[in-house]
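Single-letter residue listing:
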Amino acid sequence: MDQQHGAGQRRRHRSLSGEVFGALINLSGRRRFTSQRLVLYAVLAAQGQEDAVATASEALGLFRNAHKLLLKGGDGLPGVFCAELQRAYFGPGQGERQIADFIDLAERTLHAIGSGGIKAPGLLAELIGVTTPTLAVLNQITAVYEEQSKLHARLMRKQLRGIITEIETIAKQAKMVAFNARVVAARAGHAGREFAVVAGVMANITSEMDSMVSSALSAAA
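Residues numbered from 1 in each chain as written. Predicted model: local features only at pLDDT ≥ 70, side-chain atom pairs only at ≥ 80, totals over all residues. Heavy atoms only, no water.

1. Side note on the overall build of the protein chain
Counting its secondary structure elements, the protein chain contains seven helices and zero strands. Helices and strands in the protein chain line up, N terminus first, as α-α-α-α-α-α-α. With 221 residues in all, the protein chain has 36% of them scored as buried. Looking at the protein chain alone, contacts between residues at least 24 apart form 72% of all its contacts between residues at least 6 apart. (Helix = DSSP H or I, 4+ residues; strand = E, 2+ residues; numbered from the N terminus. Buried < 20%, exposed > 50% of the residue type's maximum accessible area, 1.4 Å probe, protein only. Contact = heavy atoms within 4.5 Å.)

2. Comments concerning unusual backbone geometry
Even without being a glycine, Asp51 presents a positive backbone phi close to 70 degrees. In this structure Asp51 comes out as exposed when scored by relative accessible area, which is 53%.

3. A look at the packing of aromatic side chains
The final tally for this structure, using the stated rule, is three aromatic pairs. Pairing Tyr89 with Phe90 gives two aromatic rings, centres 6.2 Å apart and planes at 45 degrees, and the pair type is tilted. Overall, Tyr89 belongs to the buried group, its relative accessible area being 0%. (Phe/Tyr/Trp six-rings, centres within 6.5 Å; stacked < 30°, edge-to-face > 60°.)

4. A short note on the pattern of salt bridges
The tally for this structure, following the rule as stated, stands at four salt bridges. Salt-bridge contacts for Glu147 lead to Arg154; the nearest nitrogen and oxygen are separated by 3.6 Å. On the basis of relative accessible area, Glu147 is assigned to the partly exposed category, the value being 39%. (Salt bridge = Lys/Arg side-chain N within 4 Å of Asp/Glu carboxyl O.)

What follows is the structure in structure tokens.
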């Protein structure tokens, strides 16, 4: 069962690109940043700063959209794509529930502040109180994305090394064929000139393959 899970996870990682992992990490980082920004501007709004409610609402919108993309996917992003993220969002820590509660509380707080409601101070105090634990959840989930990105990079390097090994084997065989062709061409004398040309071309190809393997090995290091 564990082997099947591991194989399935490797397939999922291979189906994602490094660019996708970068986008996921950036989006998760944006979610962290906007959570702090909306709380800061909610406090400033409660103190009467002009346009602070609008700024906080904009930050909340960015936070909500980032969370939706990370959770459900879209725009080329996969949503929750591995067991580690599944646990982070829906496991014992209930990360998704905490984030959803934070969004709901932020919406109610900003509405109360904007409308001058009497509940605004209490809601703001509650929002400030959940900011640190919410940030801890966001940091934990971001760490999962970063670790999955590192795992993806290791899998890609391993796959590349396997391909390189196959190319090296083919190149060695081609070199042997080219060498034998040159020997035969030399023995054939004038009649083997065209054969010698083919052998030379094959030798050049194997040299190019050696160069490609060297470049690939440097990239996989």
